[in-house]
Amino acid sequence: MEKIDIRSLNYQELAEEVKALGLPKFRTDQIYSWLFEKGVREFSEMSNLSKDLRQALDERFVIRNCTIDTKLCSKLDETVKYLFELGKGEFVECVVMKYKYGYSICVSTQLGCKMGCKFCASAIGGFKRHLTASEILSEIYTAQSDLGIKISHIVLMGTGEPLDNYDNVMRFLELVTNEKGLNISMRHISLSTCGVVPRIYELAEKKLGLTLSISLHAPNDKIRSQTMPVNSKWNIEELLTACRYYTKVTSRRISFEYAMIDSFNDSVECAEELASRLSGMLCHINLIPVNNVRENNYERSNEKNIKRFISVLERHGLTVTVRRTLGSDINASCGQLRAKKENL
């Protein structure tokens, strides 16, 4: 019989399993605390449980963990990048960043990615599988334990499309925000999507309170379709209609991510068209100097073009920021370390 993935169970499901084993109710709190608050890797670490009970749990359940394959530490800003191994030959990336408010972690949600955005290294080698809720959690527990820190903010912006792995990601969010576990506020969590429109509507109805980031990267379908295959399924107008619905239902501001690519999407005309499309929406625009990836020829916009782009957007009353580059000396952008490891 296949073992049950115990750290993907919520509290009520765990309580039902504890009851099925004929154990008293208080055992649920004990086991839940070990799994979700302390983040143990083995049942043998649950020191307040009897040896027989730990063995019984080990026979029925599995605790999914990741292990550190590679760790890179930036000498510039204390950013740490990990390549985690989930199983034999399965690798995902994770980045921990230090800010004034604490530590933020960027986690992966899939092994590979289906979306195929051409300026992103995450899709190199294609899609292999979804990560379970417990595997996403394990990225946090492993990084926290290794660094001896407490993570306070989460960004679902690593390898993979979170809304393509919708059920596992929703379970992850339920578990990571539970007050009996890591207890990370939903308002300290950002979820980034390239635009899986039906899921944006579903997410709106949940009214979770997280920050939704949309990888837009272009002002029109002609430009966006050249780099983002998802646009052929849900074009910009469909995507922005869903975004307007999201802001109306949740009253939450959307962050639009826009990778600045030299001589491709950084012209004044692009800025004017983008401003026209986003006018009146509850949003802000986060400009991202594109990462240089060896598998493509895209180069980041120069400072002059970025400042000119900002000026146009601000003139139209839009709020604009430029993403601070962290870990540039360790290739902290998603996908590059995994691709190198797997020779993709």
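The sections below set out a description of the structure shown in this document.

1. A look at the side chain of T142
Here comes step 1: Relative to the assigned elements, T142 resides in helix α4 (residues 133-147).
Here comes step 2: If we skip the residues at most four places from it in the chain, T142 touches R41, C66, I68 and F84.

2. Here we look at the state of the cysteines
Here comes step 1: Using the criterion set out here, one finds zero disulfides in the structure.
Here comes step 2: Of all cysteine sulfurs, the one in C194 lies closest to C117, which takes part in no disulfide; the gap is 5.1 Å.
Here comes step 3: The cysteine C283 is free of any disulfide, with C243 supplying the nearest cysteine sulfur at 9.0 Å.
Here comes step 4: Residue classification places C283 among the buried residues on the basis of a relative accessible area of 8%.

3. A few points about the environment of T241
Here comes step 1: Note on placement: T241 falls in helix α8 (residues 236-250).
Here comes step 2: By relative accessible area, T241 is classed as partly exposed at 37%.
Here comes step 3: Through-space distance from the C-alpha of T241 to that of R64 is 39 Å; in sequence the pair is 177 residues apart.

4. Points about the environment of Q55
Here comes step 1: With respect to the helices and strands, the residue Q55 is situated in helix α3 (residues 51-60).
Here comes step 2: A residue is classified by how much of its surface remains accessible, and Q55, at 45% relative accessible area, is partly exposed.
Here comes step 3: On a C-alpha basis, the gap between Q55 and F43 in space is 7.7 Å, while along the polypeptide they are twelve residues apart.

5. Overview of the pattern of salt bridges
Here comes step 1: Within the structure shown, the criterion is met by 16 salt bridges.
Here comes step 2: With its nearest N and O atoms 3.6 Å apart, the salt bridge here joins K98 to E78. Here the residue K98 occupies a position in strand β5 (residues 90-99), and E78 occupies one in the loop between β3 (67-73) and β4 (80-87), the gap between them amounting to 20 residues.
Here comes step 3: Accessibility expressed as a relative area gives 33% for K98, which makes it partly exposed.
Here comes step 4: E78 sits in the exposed class, given a relative accessible area of 52%.
Here comes step 5: Here E93 ties to K81 by a salt bridge, and the two come within 2.7 Å at their closest N and O atoms. With E93 in strand β5 and K81 in strand β4, this residue pair connects regions lying twelve residues apart in the sequence. For the pair formed by E93 and K81, the shared burial category is buried.
Here comes step 6: Through salt bridges with shared partners, a single network forms among E13, R171 and E174.

6. Some details on the side chain of T132
Here comes step 1: Take T132: it is sitting in the loop between β8 (127-130) and α4.
Here comes step 2: Residues in contact with T132, not counting those within four places in the same chain, are D5, S8, R64 and N168.

7. Let's talk about helix α10 (residues 303-315)
Here comes step 1: For α10, which comprises 13 residues, the first-to-last C-alpha distance of 18 Å matches the rise-based estimate of 18 Å (1.5 Å per residue) to within 8%.
Here comes step 2: The complete set of buried residues in α10 reads N305, I306, F309, I310, V312 and L313. Mapping the buried residues of α10 onto a view down its axis gives an arc of 160°, with all of them on the same face. Facing away from the buried surface of α10 by more than 90 degrees, the exposed residues are E303, K304, K307 and R315.
Here comes step 3: Those residues of α10 hidden inside the fold are in contact with β12 (254-260), α9 (268-278), β13 (283-289) and β14 (320-322).
Here comes step 4: Two residues or fewer past α10, G317 is found with a positive phi of approximately 85°.

The rules behind the values
Residues numbered from 1 in each chain as written. Predicted model: local features only at pLDDT ≥ 70, side-chain atom pairs only at ≥ 80, totals over all residues. Heavy atoms only, no water. Helix = DSSP H or I, 4+ residues; strand = E, 2+ residues; numbered from the N terminus. Contact = heavy atoms within 4.5 Å. Disulfide = S-S within 2.5 Å. Buried < 20%, exposed > 50% of the residue type's maximum accessible area, 1.4 Å probe, protein only. Salt bridge = Lys/Arg side-chain N within 4 Å of Asp/Glu carboxyl O. Expected span 1.5 Å × (residues − 1). Arc of directions from axis to C-beta.

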